[in-house]
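Given next are the chains, with one letter for each unit.
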Amino acid sequence: TTDEAMLLEAIGQKVAHVKADENNFKITNQADYFKLKAILGDVPDDFRVGIGQDSHVFENSKKGLVLAGIKFPKELKLRANSDGDVILHALFNAFSQAIGGMSIGFYADSICKKGITDSQKYLEVILEKVKKQKFKINSVGIMIEGCNPKIDPIVSKLKSSLSKILGINTNRIGITATSGENCSIFGEGLGLQCFAIISLIKDKNEV
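Colleague: Before we go on, may I ask you to explain the pairing of strand β2 (residues 70-78) in this structure?
Modeller: The sheet contact formed by strand β1 (residues 47-67) and β2 spans five bridges and is antiparallel. Paired with lysine 63 across the bridge in β2 is leucine 76. Count of turn residues in the β1/β2 antiparallel hairpin: two residues, of which alanine 68 carries a positive phi of about 55 degrees.

And the structure:
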């Protein structure tokens, strides 16, 4: 902006500029806001986005980690009332958020009372609500933080399992991971944290 340019000139620095697109403008008042709406249009009713998160610490010695519906018998189990599948739990929250629903904890008590520990059964609850609102899954993004297990070597297995659970192609599923670099309890190897982002579109076959 001109303010920053004047500041640099005041201390003897040379200033260069690049001409911006006419639509790359600053929003400072209501007129600017309406101009932006005229360019971008309103958010369509046939598209939704949701973000979800979940995390659990590991059991001290009990093994049987579950991720994306797959059991890894040699890895430490995550401590939870269910099987502790952080990927499916994060997805539950993301789907629920996208359709204006509640967090997984709101539904968990009634599910746990039935003795259900399989997180796929949890997910079915929210996927049915997604279907009732006549949406279908467009894309899924997963981000995992933790030291163990190493995620990159098992990504193909995770994507294959999610593809079957969610009924979408693997090329619509992205999975990345970070070790955490000892910056958190997950980075120290004490558990796993997962973030999920999903997009939904109206199912034209259901409309």
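Colleague: What am I meant to see in the pattern of salt bridges here?
Modeller: Side chains that differ in charge, positive against negative, can pair when their charged atoms come close. Following the criterion strictly, the structure yields one salt bridge and no others. The partner of arginine 79 in a salt bridge is glutamate 59, with the nearest N and O atoms 3.8 Å apart. Of this pair, arginine 79 sits in the loop between β2 and α3 (86-98) while glutamate 59 sits in strand β1, and the two are 20 residues apart along the sequence. Residue classification places arginine 79 among the partly exposed residues on the basis of a relative accessible area of 41%. Overall, the relative accessible area of 22% leaves glutamate 59 in the partly exposed class.

Thresholds, definitions, all that
- Residues numbered from 1 in each chain as written.
- Predicted model: local features only at pLDDT ≥ 70, side-chain atom pairs only at ≥ 80, totals over all residues.
- Heavy atoms only, no water.
- Pairing = 2+ DSSP bridges.
- Helix = DSSP H or I, 4+ residues; strand = E, 2+ residues; numbered from the N terminus.
- Salt bridge = Lys/Arg side-chain N within 4 Å of Asp/Glu carboxyl O.
- Buried < 20%, exposed > 50% of the residue type's maximum accessible area, 1.4 Å probe, protein only.

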